[in-house]
Amino acid sequence: MDPLEGEASSASVEYEPVSVKDVLVEMKDTAELLIDLSYSAVLHRNADLAHEVLRLEERMNVLELRARMSLMMAVRKPADAEELAPVLGIVAAADTISDAAGDIAKIVLEEMGLPDAMRAALPEAAETLVRGVVDPNSAYAGRTLADIDLESETGVRVIALRRGDEWLLNPGPETSIEGDDVALLRGPDPAIGEVCTELTGETFEPPTIDDPGIPDLERAVDTIVHMKNLSELAVDLAYSSVLFDSAELAEEVRNLEVEVDAMQSRFEAWTLRAAADANDPVVLRGLIRLGTSTEVISDAAVDISEGVLRDIDVHPVVQQAVQESDEIITRVEVEPESELDGTAVVAGVPDVESTMSVIAIRRPGDGWLLVADSDAELRGGDVLISKGTRTAADAFDALSTV
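Nothing here was measured: the structure is a model prediction, and the numbers come from that model. (Residues numbered from 1 in each chain as written. Predicted model: local features only at pLDDT ≥ 70, side-chain atom pairs only at ≥ 80, totals over all residues. Heavy atoms only, no water.)

Caption draft 1: Focus on the overall build of the protein. Looking only at helices and strands, the protein has 14 helices and 13 strands in total. Burial status across the protein gives 50% buried among its 402 residues. Here the analysis covers contacts within the protein between residues at least 6 apart in sequence; of these, 78% occur between residues at least 24 apart. Total accessible area on the protein is roughly 18,400 Å²; 47% of this is exposed by carbon and sulfur atoms. (Helix = DSSP H or I, 4+ residues; strand = E, 2+ residues; numbered from the N terminus. Buried < 20%, exposed > 50% of the residue type's maximum accessible area, 1.4 Å probe, protein only. Contact = heavy atoms within 4.5 Å. Areas by Shrake-Rupley, 256 points an atom, 1.4 Å probe, with all protein chains shown as cover.)

Spelled out as structure tokens, the structure:
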């Protein structure tokens, strides 16, 4: 066990006045980062990333306790309890996601085993995420992200920094990178290798991959990759449904959860068939754990949006969190012969005068298409999940109607 785990888990947490809004925002950001880190730890069989997941999981436990304490202090009458119950559900669901991410990370730390086919498939579904400790002599040390201009120059972005026990989630332009910071980077190959080498002073070595060529195993891996992507989307939509009090988005979360459940059943069948052809069926244990944890994450997404589905008013503390963000997620249905009907979408960008980015398409009869993974052409009847500013969202909605 990581020594830090034992020390962190024994730390006491006392009540202190905190903004529930700020805690909820941090829990959301932490949950999303946990999902990202845990799957990347599995992809690269990277114990350092897996340990960061467990550190973040402990941080989530502290946030959950503080949120519960603050919510209990806020209840004065039955009406307060009714309004705050869905918020408590959001807190509990975030902790469930955190626990599931921890279980995924333990696939690496407990050496449960995972077929190489899993690692062969995941690079097609995601950019590379790496962890590195900043060398104090690096050209990046002591400079702000705006000064380095890393993303514009290389396409690599810093998604989080850990400075001792302090986490800096979603670092902005004025955030500085300091020597000995633990940096989490995401970006394309081979640029991320060059950035990581410059940042840490150590040569970056990408993992080597062997494909065992077992058909049923390949089907199982393809299914779990799709389940992973749909579960991540479900969590994103769930938070957005609450933040924007959108019953339409909450309903799409439920649709995604139904799809993941169906895929889980197929995944289990293919994994069991693959065990008959595998040289060592024990290596499939990690794959089974991954499937179970992924399904738990999609279930938790439904729990986050439960209050919206039950038409319970969004509590003002959640509305305050919304007002700080100009970026929103929307759901629109493409009407036949509208301007969006027949429009090409490349890497999420539709070929129209709009700054909205299409994340996913739910097509009647065909199910879900994650646009980041492939180009597409919009059709009448498509339900689009898109991200952008409020102003752009209104204009985009107008393009979907005749």
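Caption draft 2: Broad picture of the packing of aromatic side chains. Applying the stated criterion across every chain, the model contains zero aromatic pairs. Above the ring of Tyr39, the side-chain terminus of Lys228 is found at 5.4 Å from the ring centroid. (Phe/Tyr/Trp six-rings, centres within 6.5 Å; stacked < 30°, edge-to-face > 60°. Lys NZ or Arg CZ within 6 Å of the ring centre and 35° of its normal.)

Caption draft 3: Examining unusual backbone geometry more closely. Within the chain, Asp180 stands out as a residue other than glycine whose phi angle is a positive 75°. Among the secondary structure elements, Asp180 is positioned in the loop between β5 (176-177) and β6 (182-187). The class for Asp180 is exposed, based on a relative accessible area of 55%. Phi is positive for Glu337, close to 70°, though the residue is something other than glycine. Its location among the elements puts Glu337 in the loop between β7 (327-333) and β8 (344-346).

Caption draft 4: Examining the packing of helix α4 (residues 78-109) against helix α11 (residues 285-304) more closely. One way to put it is that α4 packs onto α11 with a least axis distance of 9 Å and a crossing angle of 170°. Viewed along their axes, α4 and α11 adopt a mutual orientation that is roughly antiparallel. On α11, the residues that touch Ile90, Ala93, Thr96, Ile97, Ala100, Asp103, Ile104, Lys106 and Ile107 of α4 are Gly286, Arg289, Leu290, Ser293, Val296, Ile297, Ala300, Asp303 and Ile304. Looking at the contact of α4 with α11, its residues break down into 11 nonpolar, three polar and four charged. (Axes fitted to C-alpha atoms, helices over the stretch in contact; angles between N-to-C directions. Parallel < 35°, antiparallel > 145°, perpendicular 65-115°, else oblique. Nonpolar A, V, L, I, M, F, W, Y, C, P; charged D, E, K, R; others polar.)

Caption draft 5: Looking closely at the sheet that holds strand β4 (residues 166-169). Pairing within the open sheet is antiparallel, and its four strands lie in the order β1-β6-β3-β4. In the strand order of this sheet, the two ends are held by β1 (128-133) and β4, each with one partner. For this sheet, the mean angle separating the axes of adjacent strands, direction not counted, is 15°. Of the pairings in the sheet, the one linking strand β3 (residues 157-163) to β6 comprises five bridges and is antiparallel in character. Paired with Val158 across the strands is Leu185, a residue of β6. Each of β1 and β6 touches helix α8 (residues 191-200); the most contacted strand, β6, lies at about 165° to it. (Pairing = 2+ DSSP bridges.)

Caption draft 6: Layout of α8. Among the 10 residues of α8, seven are classified as buried, and the element is accordingly described as predominantly covered. Among all positions of α8, only Ala191, Ile192, Gly193, Val195, Cys196, Leu199 and Thr200 are buried. Residues of α8 that are buried make contact with β1, α7 (150-154), β5 and β6. One or two steps after α8, the chain reaches Gly201, where phi turns positive at roughly 80°.

Caption draft 7: A look at the pairing of strand β10 (residues 357-363). Strand direction decides the pairing type here: β10 and strand β13 (residues 383-389), joined by five bridges, are antiparallel. From the neighbouring strand, Ile361 faces β13, where its bridge partner is Leu384. For β10 and strand β11 (residues 367-370), the ladder comprises four bridges, and the chain directions are antiparallel. Across the sheet, residue Arg363 finds its bridge partner in β11, namely Gly367. The antiparallel hairpin formed by β10 and β11 contains three residues in its connecting segment, where Gly365 sits at a positive phi of about 90°.

Caption draft 8: Highlighting the environment of Asn229. Looking at the secondary structure, you find Asn229 in helix α9 (residues 215-243). The buried category is assigned to Asn229, whose relative accessible area is 9%. Spatially, the C-alpha atoms of Asn229 and Leu370 are 7.8 Å apart, while their sequence positions differ by 141 residues.

Caption draft 9: Local environment of the packing of helix α10 (residues 247-277) against α11. At a closest axis distance of 9 Å, the pairing of α10 and α11 adopts a crossing angle of 165°. In this view, α10 runs roughly antiparallel relative to α11, as classed from their interaxial angle. Along this stretch, α10 crosses α11, giving a crossing that reads as left-handed. Packed against α10, whose contacting residues are Val253, Arg254, Glu257, Val260, Asp261, Gln264, Phe267 and Thr271, the element α11 presents Leu287, Ile288, Gly291, Thr292, Glu295, Ser298, Asp299, Ala301 and Val302 at the interface. The residue inventory of the contact of α10 with α11, partitioned by class, reads seven nonpolar, five polar and five charged. (Left-handed = near helix turned anticlockwise from the far one by under 90°.)

Caption draft 10: Highlighting the pattern of salt bridges. This structure, assessed with the given rule, holds 19 salt bridges. Between Glu26 and Arg59 there is a salt bridge, with its nearest N and O atoms 3.0 Å apart. Placement of Glu26 in helix α2 (residues 20-44) and of Arg59 in helix α3 (residues 47-74) is noted, with a sequence separation of 33 residues between them. Overall, the relative accessible area of 25% leaves Glu26 in the partly exposed class. Using a relative accessible area of 24% as the deciding quantity, one classes Arg59 as partly exposed. It is possible to trace a salt-bridge network through shared partners that takes in Asp48, Glu52, Arg55, Arg131 and Arg162. (Salt bridge = Lys/Arg side-chain N within 4 Å of Asp/Glu carboxyl O.)

Caption draft 11: Molecular detail of the side chain of Asp29. With respect to the helices and strands, the residue Asp29 is situated in helix α2. Salt bridges are absent for the buried Asp29, whose nearest opposite-charge side chain, Lys28, sits at 4.2 Å. Excluding anything up to four places from it in sequence, Asp29 contacts Leu169 and Asn170. (Lys, Arg positive; Asp, Glu negative; His and termini not counted.)

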